[in-house]
Amino acid sequence: MSLNLILLGPPGAGKGTQAQFLIEKFGIPQVSTGDMLRAAVAAGTEMGLKAKACMDAGDLVPDAVVVGIVKDRLQEADCAKGYILDGFPRTVAQADALASALAEGGQKIDAVVAFEVDKEALVSRLTGRRACTGCSAGYHVDYDPPKVDGVCDKCGAKLFQRDDDQEETIRKRLEVYDNQTAPLVGYYEKAGQLKRVDGMLPIDQVKQTVLDLLPGV
Ligand code: AP5
Ligand code: MG
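Now for a quick tour of the structure. Worth saying up front: this structure is predicted, and the values here are computed from it rather than measured.

**Overview of the site of ligand 1**
Every one of the 36 residues lining ligand 1 counts as a neighbour, but Thr 17, Asp 59, Arg 90, Arg 129 and Arg 173 are closest to it. Take Arg 162: an N or O atom from its side chain is 3.1 Å from an oxygen atom of ligand 1. Here ligand 1 has 1000 Å² of accessible area as a free molecule, and 95% of this is covered by the chains. Looking at the shell around ligand 1, the elements that each hand over two or more residues are α1 (15-26), α2 (33-43), α6 (119-127), β6 (138-140) and α9 (203-213).

What follows is the structure, encoded as structure tokens:
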């Protein structure tokens, strides 16, 4: 069985947090365009340098760049049994490009899980978010704290705060979401693929809700 999922939702909605549970449950990879772009920034590639300027400003990276990265990634062997798209597509143009690429390969998206979270909750989630410098595990200073302040429970490495998790940039990212990404909710609803989830619930309850609504589980 293969399972191709899209996790859709505003910055801070819990896409990355829930993707970690789904990786474990289904043994399929997370394909996070944000993580891939941050890796390109860290590697100092030309594409990474251009992407960094957009990311630091809270803007989207151009569609052509992101679509190219995702198409290449979905060809890799570990995606053969499915994947969890996190943070992609983010514009109607990206969604159309994905649909054409999948149709060419005789594939389809099985479900689009849309997380719904209030704006002020998103701001407080993002200002308090921390991630591990070693294994990338995610935390929140109040909602999902590590056992020892600033240290990863899983690997013992130091935690860090993302450059774009400053309040001014967060608010810009939320505005960009409303203008450019929110239309995808209607797009996938029309296609009969949308599954809405109350993302305001605690992490474990969101996890259970997502598992309950996935096809064939
Ligand atoms: P990206 O990395 O995708 O960031 P994002 O979409 O802004 O989403 P986040 O990663 O901030 O939030 P999340 O939903 O994963 O939340 P998380 O689980 O961490 O993109 C970054 C940038 O890259 C973009 O701004 C853009 O420039 C560029 N980019 C990426 N993709 C692109 C694309 N397709 N096209 C163009 N440009 C692109 O949770 C957040 C916090 O809340 C954590 O601390 C967590 O512990 C906590 N939390 C999670 N769930 C709950 C809960 N239920 N209750 C309480 N706390 C919770
Ligand atoms: Mg994320």
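After that view of the structure, there is still more to cover.
**Section: the side chain of Ser 32**
For Ser 32, the location among the structural elements is in strand β2 (residues 30-32). Among the residues examined, Ser 32 registers a relative accessible area of 6% and is labelled buried. Within the structure, Ser 32 has its side chain in polar contact with the backbone nitrogen of Asp 35 (distance 3.0 Å).

**Looking at the sheet that holds β6**
Taken together, the 3 strands give an open sheet; going across it, the order is β6-β5-β7, and neighbouring strands pair in antiparallel fashion. Strands at the two margins of the open sheet, each flanked by one partner only, are β6 and β7 (159-160). Both strand β5 (residues 129-132) and β6 contribute to a ladder of 3 bridges, which runs antiparallel. In the sheet register, Ala 131 faces β6, and the bridge partner there is Gly 138. Of the strands in this sheet, β5 and β6 are in contact with α6, which crosses β5 at around 40°.

Cut-off values and rules
Residues numbered from 1 in each chain as written. Chains lettered and ligands numbered in written order. Predicted model: local features only at pLDDT ≥ 70, side-chain atom pairs only at ≥ 80, totals over all residues. Heavy atoms only, no water. Near = heavy atom within 4 Å. Polar contact = N/O pair within 3.5 Å; in protein donor to acceptor, adjacent residues only side chain to side chain. Areas by Shrake-Rupley, 256 points an atom, 1.4 Å probe, with all protein chains shown as cover. Helix = DSSP H or I, 4+ residues; strand = E, 2+ residues; numbered from the N terminus. Buried < 20%, exposed > 50% of the residue type's maximum accessible area, 1.4 Å probe, protein only. Pairing = 2+ DSSP bridges. Contact = heavy atoms within 4.5 Å. Axes fitted to C-alpha atoms, helices over the stretch in contact; angles between N-to-C directions.

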